[in-house]
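# Structural overview for review
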Amino acid sequence: MSEAGRLRDQALAAIARASTEPDLEAVEVEYLGRREGKISRQLLSGIAKLAPEQRAALGQEANEARRAVEAALEARRAEQKAAQLADIAQTEAIDVTFPAPPLPRGHIHVLSQVRHELEVIFARIGYTVEEGPEIETDWYNFEALNLPKGHASRDVQETFFLDEAEEVVLRTHTSPVQIRAMQRIGTPPIYIIAPGRVYRRDNLDATHLPYFMQLEGLAIDEGLTVGDLKGTLLYMTQSLFGQERQVRMRPHHFGYTEPSYEFDTMCGRCLGKGCRSCGGAGWLETGGCGMVHPQVLRNGGIDPDRYSGYAWGFGIERMALLKYDVEDLRLFYENDIRFNRQF
Ligand SMILES: [Zn+2]
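Analysis parameters
Residues numbered from 1 in each chain as written. Predicted model: local features only at pLDDT ≥ 70, side-chain atom pairs only at ≥ 80, totals over all residues. Heavy atoms only, no water. Helix = DSSP H or I, 4+ residues; strand = E, 2+ residues; numbered from the N terminus. Contact = heavy atoms within 4.5 Å. Areas by Shrake-Rupley, 256 points an atom, 1.4 Å probe, with all protein chains shown as cover. Pairing = 2+ DSSP bridges. Axes fitted to C-alpha atoms, helices over the stretch in contact; angles between N-to-C directions. Donors = N, O, S within 2.8 Å, 3.2 Å for Na, K, Ca; no water. Tetrahedral: all angles 85-135°; square planar, octahedral: opposite > 155°, others 65-115°. Core = buried A, V, L, I, M, F, W, Y, C linked by side-chain atoms within 4.5 Å. Buried < 20%, exposed > 50% of the residue type's maximum accessible area, 1.4 Å probe, protein only.

What follows is about the overall build of the chain. Secondary structure summary: the chain contains 13 helices and 9 strands in total. Taken along the three principal axes of its C-alpha coordinates, the chain extends 140 × 50 × 35 Å. Within the chain, residue pairs in contact and separated by at least 24 positions form 65% of the contacts whose partners lie at least 6 positions apart. Element-wise, carbon and sulfur atoms account for 52% of the exposed surface of the chain, whose accessible area totals about 19000 Å².

Structure follows, in structure tokens:
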């Protein structure tokens, strides 16, 4: 075998062993480098020493060796490139034609839905929405509502106080908005609802929350009676639950209304006959109501000799619970997406 053929075989063996691009470059330099490459040098130096008639044969051998090595390098590089692409396809496979997963869409929370539904129901009969601060003074939260210091209702309403003197509170009900509305609007007629968050020092369980949403209603006009109050509650109940549902009022006592009542919604399962879901009563406790106490009207700057008013309040969670048969109040605030999605 000629010297050129021997170098070619060495180079081809080295190329076969090379597994990376730097390995291949090293082989390329070693054999085909312009000056120092073994095949190039053999070609240059060898030819010079030979008789002219031998030069052509050697030159041809050397050139053939060079071309064989170049071809082998090219083939090996193509192999390596293909292997790399296969690797990428394996580890980072992305099908760009595959449809993207849909983005999850949220929706309005059930309590906001019920609140909004109630706002619409009352807007239809001329009530406007009134809001007040969640941090209140003792005067708005208690005193002005005919609940002086030492009044029994103050003990029932477990209060969060925000100062040492116990003059600033987290409102325990939305009723202070009654006073603020009277002061803001001034001369009746006044027809407002006041939905909002209230706070009580209750322990968290299935039927108690340390904070919840209330909806307060207040109407002040000339000649309003308990009949108007009951009609309003009946309108609300039937709008929210259906025409078959009735309202019942039972005498009660609140400082800020006289007379005062608790009102119940007819059980939707048995329509008043009594069933397991209503504990046999046929009715479900819903909220409190009554005719606004004359002193409360006076505290709001309204003349009780000319005007009368009625008011009511209930928990929006309670309403949502009656509407959707939810058994545990805590579910409304846990934000478990499986629960929230049902509404
Ligand atoms: Zn029932």
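What follows concerns the sheet that holds strand 5 (residues 211–221). Hydrogen bonds between backbone groups are what pair the strands of a sheet, and the pairing can be parallel or antiparallel. On the basis of which strands lie adjacent, the open sheet formed by 7 strands has the order 1-4-5-9-8-7-6 and mixed pairing. The sheet is open, and its two borders are formed by strand 1 (128–129) and strand 6 (247–254), each paired with just one other strand. Bridge analysis of strand 5 against strand 9 (residues 308–315) gives 8 bridges, and the strand direction is antiparallel. For Ala219, the partnering residue across the bridge sits in strand 9 and is Tyr310. In the packing of helix 9 (residues 226–241) onto the sheet, contacts are made with strand 6, strand 7 (257–266), strand 8 (283–292) and strand 9, and the angle to strand 9 comes to roughly 35 degrees.

For the zinc ion, the full set of protein donor atoms is Cys267 (SG), Cys270 (SG), Cys275 (SG) and Cys278 (SG), and the range of their distances to it is 2.2 to 2.3 Å. In this structure, the zinc ion is coordinated by 4 donor atoms arranged in tetrahedral fashion, with angles at the metal of 106 to 114 degrees. We note that the donor set of the zinc ion lies within a single chain, spaced as C-x2-C-x4-C-x2-C. With Cys267 in the loop between strand 7 and strand 8 and Cys278 in the loop between strand 7 and strand 8, this pair connects stretches of sequence that are 11 residues apart.

The biggest cluster of nonpolar side chains holds 43 residues, and the ones touching the most others in it are Leu118, Leu233, Met236, Phe263, Trp312, Met319 and Phe332. It is helix 5 (residues 110–123) that provides the largest number of residues to this core, a total of 6 residues. Counting 21 residues, the second-largest nonpolar core is a separate cluster that includes Leu145, Ala181, Leu218 and Phe254.

Moving on to the side chain of Gln238. Along the polypeptide, Gln238 turns up in helix 9. Looking at Gln238, the relative accessible area reads 14%, which means it is buried. Among all residues touching Gln238, those that are not within four sequence positions of it are Gln243, Arg245 and Gln246.

Looking now at the pairing of strand 5. Each regular strand shows side chains that alternate between the opposite faces of the sheet. Where burial is concerned, most of strand 5 is hidden: 9 out of the 11 residues are buried. For strand 4 (residues 190–199) and strand 5, the ladder comprises 10 bridges, and the chain directions are antiparallel. When the bridges of strand 5 are listed, Ile192 appears paired with Leu218.

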